[in-house]
Structures are given as C-alpha cells and as structure tokens.
Amino acid sequence: MGRFLLGPSLESLTLFGLPAHCRFVRIPLVLIRLAAIGALGLFWKPWRRRFGWATAVILIVAGIFTQLAIGSGQALKGELNRTALLRVHTNIAENIRPFLLVFFIALVAFLYLERRMRTAGTTVTMKNPMLIGTFAATLLFAGLSTYWTVRIGHTGSK
C-alpha cells in the first residue's frame, strides 16, 4: 500500500546523502511524542482550550509522515539484505497505524465532547464519565503509540 501511495520513485530518493527513510522517520518520532505531551495536558482546562485542537493537527501531520516513513522503508527494503531483524522491524512498523488512528479518534472525541458540553452551558469537569473515558483512551493510545515508536526505532537501529 505504501508503494501505491508514494510511487516507486522513493527507492532511489535521498535527502542530504541518506535514503529518504532515514529522514522521514524522524518527523513522526518527534510529533507522536509531542502529541502525547499535548494529550497529557488535556487534563487542564486552559491547556485544552489553547492546545487541544493543535494536538489533533499534530497527530494528522504525524500520521502523514508515518505513512511516508513506512512507504520509503518498504522501498528501501528491496535494496537491503533480508534479515530476521529487518522482517521484525517492518512488521512492527506497519502496526503503528492503528495505534495512531485510535489515538486520534479518542483525542477528537474528547475534544468534541468537551466543546459540546461547554457550548451547552454545562460545567465541564473531569468528573464526567464520558470525558474520563475518552481522556483515558487518549492517554492509553498516546502511551502505546509512543512505546511503539521506541520499539520500531530500536529494531530499525539494530
């Protein structure tokens, strides 16, 4: 699928003398961690209003660059020796997409519910079961996404 989205031209694409994959992977690493920090801050009302939707945008950009990293990695895979570590790396790398998607959905659900409550004139507290549930899901998948990027990077560096 990554080849289809990115085209076969990424096989020979280099940025600053390195394969594109080596550059593309850095962006999701930073942005996913930044989004996780943003998700932690959602507990505080001023943070939510100031950075809540910006965190969702960061996750969208992280998702785009994650797809670019996966696609460029698939293109690069054809030029490398297929080892057991390479197979493990590519398998777990492709599995980050569901974590990011659910992280994004939980984050948007939390922000939507909070905004809906605010516009309805309801006092928004973190005692609301729906807010607690979506906040917990957001933090869970923020943590899983962050952990998964560390795991992917560790196997990739080996």
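Residues numbered from 1 in each chain as written. Predicted model: local features only at pLDDT ≥ 70, side-chain atom pairs only at ≥ 80, totals over all residues. Heavy atoms only, no water.

1. Regarding the overall build of the chain
Our working definition: Comment: elements are numbered from the N terminus, with helices defined as DSSP H or I runs of at least four residues and strands as E runs of at least two. A simple rule labels every residue: compare its accessible area, found with a 1.4 Å probe on the protein chains alone, to the largest value its type can have, and call it buried under 20%, exposed over 50%, or partly exposed in between. Two residues qualify as a contact provided that any one of their heavy atoms is within 4.5 Å of a heavy atom in the partner residue.
What the chain contains, in helices and strands, is seven helices and two strands. In the chain, the succession of α and β elements from N to C terminus is α-β-β-α-α-α-α-α-α. Counting over 158 residues, the chain shows a buried share of 40%. In the chain, 76% of the contacts between residues at least 6 apart in sequence involve partners at least 24 apart.

2. A look at the packing of helix α5 (residues 84-94) against helix α7 (residues 129-157)
Applicable threshold: Helix axes are fitted to C-alpha atoms over the stretch in contact, other axes to C-alpha atoms as well, and angles between N-to-C directions run from 0 to 180 degrees. Angle categories are assigned with fixed cut-offs, so that under 35 degrees is roughly parallel, over 145 is roughly antiparallel, 65 to 115 is roughly perpendicular, and the rest are oblique. When the near helix sits turned anticlockwise from the far one by under a right angle, the crossing is termed left-handed; a clockwise turn instead gives a right-handed crossing.
Running from N to C, α5 and α7 point in directions that differ by 160 degrees, and their axes come no closer than 9 Å. In terms of their interaxial angle, α5 and α7 are classed as roughly antiparallel. Relative to α7, α5 is oriented so that their crossing is left-handed. Packed against α5, whose contacting residues are V88, H89, I92 and A93, the element α7 presents W148, R151, I152, T155 and G156 at the interface.

3. Description of the side chain of T55
With respect to the secondary-structure elements, T55 resides in helix α4 (residues 45-77). Overall, T55 belongs to the buried group, its relative accessible area being 3%. Non-local contacts of T55, meaning those with residues more than four positions away in its chain, are made with A35, G38, A39 and L107.

4. Details of the layout of surface pockets
To be explicit about the condition: The method works on a 1 Å grid over the protein atoms by themselves. A cavity is a set of points holding a 1.4 Å probe that cannot get out, a pocket is an open set with protein on both sides within 12 Å along at least five of seven lines, and residues with an atom within 4 Å of a point line them. Grid points are joined across faces, edges and corners, and a volume is the space filled by probe spheres set on the points. Each residue gets one of three labels, nonpolar for Ala, Val, Leu, Ile, Met, Phe, Trp, Tyr, Cys and Pro, charged for Asp, Glu, Lys and Arg, and polar for the others, Gly among them.
When its volume is computed, the largest pocket comes out at roughly 700 Å³. H21, V25, H89, I152 and G156 are the residues nearest the centre of the largest pocket, which is lined by 31 residues in total. Elements with a contribution of two residues or more to the lining of the largest pocket: α2 (20-24), α3 (26-41), α4, α5 and α7. Its residues assigned to classes, the lining of the largest pocket shows 14 nonpolar, 13 polar and four charged. By volume, the second largest pocket is sized at about 240 Å³. Lining the second largest pocket are L59, I60, G63, I64, T66, Q67, R97, P98, L100, L101 and F104. Looking at the lining of the second largest pocket, the elements that each hand over two or more residues are α4 and α6 (96-119).

5. Comments concerning the packing of aromatic side chains
For clarity, the threshold we go by: Here a pair means two rings of Phe, Tyr or Trp (six-membered ring of Trp) with centres within 6.5 Å. Their orientation is stacked below 30 degrees between planes, edge-to-face above 60, and tilted elsewhere.
In total, this model carries eight aromatic pairs according to the counting rule given. Arranged with centres 4.7 Å apart and planes meeting at 55 degrees, the rings of W47 and F51 form a pair that is tilted. Of this pair, W47 and F51 are both found in helix α4, four residues apart, which corresponds to roughly one turn of the helix. For W47, a relative accessible area of 30% gives the class partly exposed. A relative accessible area of 34% means that F51 is categorised as partly exposed.

6. Quick look at the pattern of salt bridges
To keep things clear, this is the line we draw: Each reported salt bridge corresponds to a side-chain nitrogen of Lys or Arg within 4 Å of a carboxyl oxygen of Asp or Glu.
Counting across every chain of the model gives two salt bridges. Across the pair R48 and E114 runs a salt bridge, and its minimum N-O distance is 3.5 Å. With R48 in helix α4 and E114 in helix α6, the pair connects residues that are 66 residues apart, well separated along the chain. Each of the two residues, R48 as well as E114, counts as buried. Ionic pairing is found between R118 and E114, a salt bridge with its closest N-O pair at 3.2 Å.

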